[in-house]
Amino acid sequence: MSDVPPLFDELQSLITEQRNPNSLNIDDASVEEILSIINIEDQRVPLAVKDEIPYITKAVNIVTATLKTGGRLFYVGAGTSGRLGILDASECPPTFGSSPEDIQGIIAGGKEAVFRAQEGAEDVASDGADALVVAGVRPTDVVCGIAASRRTPFVVGAISQAKKIGCQTLFITCNPRSNFNISDVDVAICVVVGPEVIMGSTRMKSGTAQKLVLNMITTASMIRLGKVYQNMMVDLQMTAEKLTQRSRRTVMTVTGLSYQDATTVLAAADGHVKTALVMVLAEVSKNEALARLEKSDGFVRGALKI
């Protein structure tokens, strides 16, 4: 009987755990050569993401419909994957004016794992399931697992629990769809970036791929929810001086108003860029602008046509 545990053989079969032939001599390379090797490998990432756009599209449609009807998006991951989910979730409120409740990140090991690695925290599937219970996940929510290897027990356990609850489920991995072992996931996004420059270091190409996909999911969803006009953020919150100035610049860019006039109209619109734009472009009062935005589901273009 072999003393080799099943996990050893499982890891050996994963693309993310293979040796990269292009970096076999990286330990004997100059700094510039090291950076060139990394850069060349990084260039493979966006092309791999491009191949998954049909599946990312399905994910965006699910997330958009979920958020529009009052549901929430939960990211679940461990290590780098978990941190990326938390990063994406935390950036949505200041960027798009969404509620912090709308998009949330869950990481194996809890908050401490965000700042210091808690590698053993990912090994228990039931912990992932329990994390969803603690977070109060409901059937109307969507749960997105993030795991470069696609086998992380904490994430697999969370996805299994999400299905039991009745949630729709997404999964982002960097191993082939043919190897995907969670048959009841609604959408699997499999960005195959190949072996890492440093074997198994999925904080590199795999992490970059996951970040790109998360950017696409939330950005496209927020655009489809009317939080962008042309290519500008119009639901951002004026919670910092940078965001305050960006709000004024947006109004100025769209309307042609001066800095002072943009400041005045934003004050009249209670700091809401969308409302200010409709007030100026449609030449209506704040109340009329708000009514138009409500009728257009929050889309500035639609509000201007009413």
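Owing to the predicted nature of the structure, the values given are computational and were not obtained by experimental measurement.

**Q** What is the right way to look at helix H7 (residues 125–135) in this model?
**A** Think of an α-helix as 3.6 residues a turn; residues three or four steps apart then line up on the same face. For H7, the full list of buried residues reads Gly 128, Ala 129, Ala 131 and Leu 132. Buried positions in H7, seen along its axis, are confined to an arc of 155 degrees and lie on one side of it. Projecting away from the buried face of H7 at angles above 90 degrees are the exposed residues Val 133 and Val 134. Each element contacted by the buried residues of H7 is listed here: strand S1 (73–77), strand S2 (103–107), strand S3 (142–146) and helix H8 (153–165). Positive backbone phi, at 75 degrees, marks Gly 136, one or two positions downstream of H7.

**Q** What is the right way to read the pattern of salt bridges from this model?
**A** Oppositely charged side chains may form a pair once their charged atoms are brought near each other. Overall, the coordinates contain 10 salt bridges when judged by the stated rule. Among the charged side chains, a network of salt bridges with common partners joins Glu 41, Arg 44 and Lys 205.

**Q** Looking at this model, I keep getting lost on a negative patch on the surface. Mind explaining?
**A** Where like charges cluster on the molecular surface, the negative patch consists of Asp 27, Asp 28, Glu 32 and Glu 33. Structurally, Glu 32 is set in helix H2 (residues 31–42).

**Q** Help me out: how do you make sense of the sheet that holds strand S4 (residues 168–173) in this one?
**A** The strands making up a sheet are joined through hydrogen bonds of the backbone, oriented either antiparallel or parallel. Pairing is parallel across the open sheet formed by five strands, whose spatial order is S2-S1-S3-S4-S5. In the strand order of this sheet, the two ends are held by S2 and strand S5 (187–190), each with one partner. For this sheet, the mean angle separating the axes of adjacent strands, direction not counted, is 15 degrees. Running at roughly 145 degrees to S2, H7 makes contact with S1, S2 and S3 of the sheet.

**Q** In this structure, what is going on with helix H4 (residues 53–68)? I would like to understand it.
**A** For H4, built from 16 residues, the straight-helix expectation of 22 Å at 1.5 Å per residue is met to within 8% by its first-to-last C-alpha distance of 22 Å. For H4, the set of buried residues is Ile 56, Ala 59, Val 60, Ile 62, Val 63, Thr 64, Thr 66 and Leu 67. In this fold, the buried residues of H4 make contact with helix H3 (44–51), S1, S3, S4, S5 and helix H9 (205–224). Remark: Gly 70 follows H4 within two positions and exhibits a positive phi of approximately 90 degrees.

About the thresholds
Residues numbered from 1 in each chain as written. Predicted model: local features only at pLDDT ≥ 70, side-chain atom pairs only at ≥ 80, totals over all residues. Heavy atoms only, no water. Buried < 20%, exposed > 50% of the residue type's maximum accessible area, 1.4 Å probe, protein only. Helix = DSSP H or I, 4+ residues; strand = E, 2+ residues; numbered from the N terminus. Arc of directions from axis to C-beta. Contact = heavy atoms within 4.5 Å. Salt bridge = Lys/Arg side-chain N within 4 Å of Asp/Glu carboxyl O. Patch = residues over 30% accessible without salt bridge, like charges linked within 9 Å, V, L, I, M, F, W, Y side chains within 5 Å. Areas by Shrake-Rupley, 256 points an atom, 1.4 Å probe, with all protein chains shown as cover. Lys, Arg positive; Asp, Glu negative; His and termini not counted. Charge placed at Lys NZ, Arg CZ, Asp CG, Glu CD. Pairing = 2+ DSSP bridges. Axes fitted to C-alpha atoms, helices over the stretch in contact; angles between N-to-C directions. Expected span 1.5 Å × (residues − 1).

The values are spatial; any link to function lies outside them.
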